[in-house]
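Coordinate analysis (summary)
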Amino acid sequence: MWFREKISRRGLLWGGLAAGGSAIAGTAAGQSVHSGHGAASAADAAPPPAHLAAHGSMITVGDVDNERNGFDPSRIVTDWETGSVSTLPDGRILRTFEIEAVDKEIEIAPGIMFPAWTYNGRVPGPALRATEGEHLRMVFRNSGSHPHSMHFHGIHAARMDGVPGAGLIDPGEEFVYEFDARPFGCHLYHCHALPLKRHIHKGMYGLFVIDPDPARHPELANVARSRLLGTPENAEWQEFAMVMNGFDTNFDNGNEVYAVNTVAHAYMKRPIRIVRNRPVRIYLANVVEFDPINSFHLHANFFDYFEQGTTLTPTLRTVDLITQVQAQRGILEFTYKDHETGLYMFHPHQSEFTELGWTGMFDVVEAVA
Ligand SMILES: [Cu+2]
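- If you check an unreviewed UniProt entry, the protein chain appears there as Copper-containing nitrite reductase from Mesorhizobium delmotii.
- Its UniProt record, at the heading Subunit (unreviewed entry), says of the protein chain: "Homotrimer."
- Recorded in UniProt for the protein chain, the comment headed Catalytic activity (unreviewed entry) runs: "nitric oxide + Fe(III)-[cytochrome c] + H2O = Fe(II)-[cytochrome c] + nitrite + 2 H(+)".

**Brief notes about the overall build of the protein chain**
- Within the protein chain, the regular secondary structure consists of ten helices and 21 strands.
- The buried share of the protein chain, reckoned over its 369 residues, is 56%.
- The long-range share in the protein chain, meaning contacts at least 24 apart out of those at least 6 apart in sequence, stands at 73%.
- Accessible area of the protein chain: about 14900 Å², with a carbon and sulfur share of 53%.

**Looking at the pairing of strand β4 (residues 112-119)**
- With respect to burial, β4 is a largely interior element, six of its eight residues being buried.
- In the sheet, strand β3 (residues 93-109) pairs with β4 via eight bridges, with the strands oriented antiparallel. Bridge pairing links Glu105 to Pro115 in β4.
- Joining the antiparallel neighbours β3 and β4 is a turn of two residues, in which Gly111 adopts a positive phi near 85°.

**Section: the coordination of the copper ion**
- Around the copper ion, the donor atoms from the protein are His148 (ND1), Cys191 (SG) and His199 (ND1), and they sit 2.0 to 2.1 Å away.
- Site description for the copper ion: donor spacing in sequence, H-x42-C-x7-H.
- Exposure remark for His199: the relative accessible area of 4% places this residue in the buried category.

**Describing the UniProt feature "binding site: Cu cation" (unreviewed entry) in the protein chain**
- The UniProt entry lists His148, His153, His190, Cys191, His199, Met204 and His349 under the feature "binding site: Cu cation" (unreviewed entry), expressed in the numbering used here.
- Setting aside chain neighbours within four positions, we find His190 in contact with Tyr119, Ser149, Met150, His151, His153, Leu196, Ile200, Met204 and Tyr205.
- Its place among the elements puts Met204 in the loop between α6 (196-201) and β10 (205-211).
- Taking the relative accessible area as the measure of exposure, Met204 reaches 0% and is therefore buried.
- The contact partners of Met204, leaving out residues within four places of it in the chain, are Ala101, Trp117, Thr118, Tyr119, His148, Tyr189, His190, Cys191 and His199.

**A look at the sheet that holds strand β18 (residues 321-324)**
- Spatially, β13-β21-β20-β15-β18 is the arrangement adopted by the five strands of the open sheet, whose pairing is mixed. For this open sheet the edge positions go to β13 (272-275) and β18, each flanked by a neighbour on one side alone. The sheet shows a mean angle of 25° between the axes of neighbouring strands, direction not considered.

**Quick notes on the pattern of salt bridges**
- What the rule picks out here adds up to 17 salt bridges.
- Put simply, Arg141 and Glu174 hold a salt bridge, and the shortest N to O gap is 3.3 Å. Of the two residues, Arg141 sits in strand β6 (residues 135-142) while Glu174 sits in strand β8 (residues 174-180), which places them 33 residues apart along the sequence.
- On the basis of relative accessible area, Arg141 is assigned to the partly exposed category, the value being 29%.
- Between Asp213 and Arg216 there is a salt bridge; the shortest N-O distance is 3.3 Å.
- Salt bridges linked by common partners bring Arg129, Asp211, Glu239, Arg281 and Glu333 together as one network.

**Observations concerning the nonpolar core**
- Within the largest apolar cluster, 29 residues are counted, with the highest numbers of intra-cluster contacts made by Phe240, Met242, Ile282, Phe296, Phe334, Phe346 and Phe362.
- Aside from chain neighbours lying at most four places away, what touches Phe240 is Val77, Thr78, Trp80, Ile272, Arg273, Ile274, Val280, Arg281, Ile282, Tyr283 and Phe362.
- If you look at the next biggest cluster of nonpolar residues, it comprises 28 residues, including Ile76, Phe114, Leu188 and Phe247.

**With respect to unusual backbone geometry**
- Residue Pro183 follows Arg182 across a cis peptide bond; omega there is -5°.
- Mapping Pro183 onto the fold places it in the loop between β8 and β9 (185-190).
- Going from Leu194 to Pro195, the amide bond is cis rather than trans, its omega being -5°.
- Mapped onto the secondary structure, Pro195 falls in the loop between β9 and α6.

**Some remarks on the environment of Arg329**
- The topology assignment puts Arg329 in strand β19 (residues 329-334).
- Overall, the relative accessible area of 6% leaves Arg329 in the buried class.
- Once residues within four sequence positions are removed from consideration, Arg329 is found in contact with His153, Cys186, His187, Leu188, Leu284, Ala285, Tyr305, Glu307, Gln308 and Gln324.

**Looking at the packing of aromatic side chains**
- Applying the stated criterion across every chain, the model contains 22 aromatic pairs.
- A ring pair is formed by Phe114 and Phe251, whose centres lie 6.3 Å apart and whose planes are at 25°; its orientation type is stacked. Of this pair, Phe114 sits in strand β4 while Phe251 is found in the loop between β11 (238-247) and β12 (257-260), placing the two residues 137 residues apart along the sequence.
- You can call Phe114 buried: its relative accessible area is 0%.
- Considering the side-chain rings of Tyr336 and Tyr344, the 4.6 Å spacing of their centres and the 35° angle between planes classify their relative orientation as tilted.
- Taken together, the aromatic side chains of Phe240, Phe296, Phe303, Phe334, Tyr336, Tyr344, Phe346, Trp358 and Phe362 make up a single cluster linked through ring pairs.
- The aromatic ring of Phe114 is capped on one face by Lys202, whose charged end is 5.9 Å from the ring centroid.
- It is Arg227 that lies over the ring of Phe306; its NZ or CZ is 5.7 Å from the centre.

Cut-offs and rules
- Residues numbered from 1 in each chain as written.
- Predicted model: local features only at pLDDT ≥ 70, side-chain atom pairs only at ≥ 80, totals over all residues.
- Heavy atoms only, no water.
- UniProt positions renumbered as here; feature names shortened; annotations may be inferred.
- Helix = DSSP H or I, 4+ residues; strand = E, 2+ residues; numbered from the N terminus.
- Buried < 20%, exposed > 50% of the residue type's maximum accessible area, 1.4 Å probe, protein only.
- Contact = heavy atoms within 4.5 Å.
- Areas by Shrake-Rupley, 256 points an atom, 1.4 Å probe, with all protein chains shown as cover.
- Pairing = 2+ DSSP bridges.
- Donors = N, O, S within 2.8 Å, 3.2 Å for Na, K, Ca; no water.
- Axes fitted to C-alpha atoms, helices over the stretch in contact; angles between N-to-C directions.
- Salt bridge = Lys/Arg side-chain N within 4 Å of Asp/Glu carboxyl O.
- Core = buried A, V, L, I, M, F, W, Y, C linked by side-chain atoms within 4.5 Å.
- Phe/Tyr/Trp six-rings, centres within 6.5 Å; stacked < 30°, edge-to-face > 60°.
- Lys NZ or Arg CZ within 6 Å of the ring centre and 35° of its normal.

Put into structure tokens, the structure is as follows:
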């Protein structure tokens, strides 16, 4: 297999300038390009956008089969799982999520399959979203081949912690984690079965966002409302769910492929569209195993950052780079309203990660047709 030959891992997978460039141009025009390993002819392709060419075309060649994977990075980036809602006898909101652990082989780069363990068949798992103060019920079924759990970064009782002895679930079993949604912020959940790094890196993680309840934050109610999914203030924002992840395809405790939302270079081939004069908010988490640190750098712009999302005022102002260790997360806010339209890149500032799949583009447009 290719991955036994470390020396060739880039050479085989990552195309040269001409092939990579044609893949970008083809997909940007909405075509499906299956150029194989560098087989595309430069002659039949439009030149890549200048910005892409300037940054080099060190990206994957070909396309991942999103349909076979059962999830599409271009969709999951805005896909929030809000569960089902009912009212408890005391008048509080009860929000229920149903999560199933499933073994699934997924394609993480063109032609590169990974034997994942998933929540609801996708990696990252569903981006769960609730509101501060609600009562949450997480109905977890383990249809996988190994014991798994859901360990939430939040406030809850020991017996709801999803660790061995407290909510670790055998194959075929079910468990209901139950707790109140607090504190508000940008959190995550992941499997806490042992060995931990193996269970996490196999794909068992996802965002767990708790929106602030404006009534509890009268001094910054407008800010809280802008964070609360479903309000008119929130609808102004262009919100994205991003999980920075990596894949150890040969189980040597090192990653061969990096990404945001699993599929290498997915947002280079299909940039994330942003309307120029509307603000942008990214819920960002890092779950990369084996490498001690990850980062997020935004091109040609600066952003405000809310560490773990647990404050309504920024914890860092006017930065263009933040770093995250594993399980660290936060909220980024920025706008391109004073920019010209065009393609703006985002990526970690570990150059190796960018070449191995973790780079993307925002396509800043005047308006959506
Ligand atoms: Cu697990």
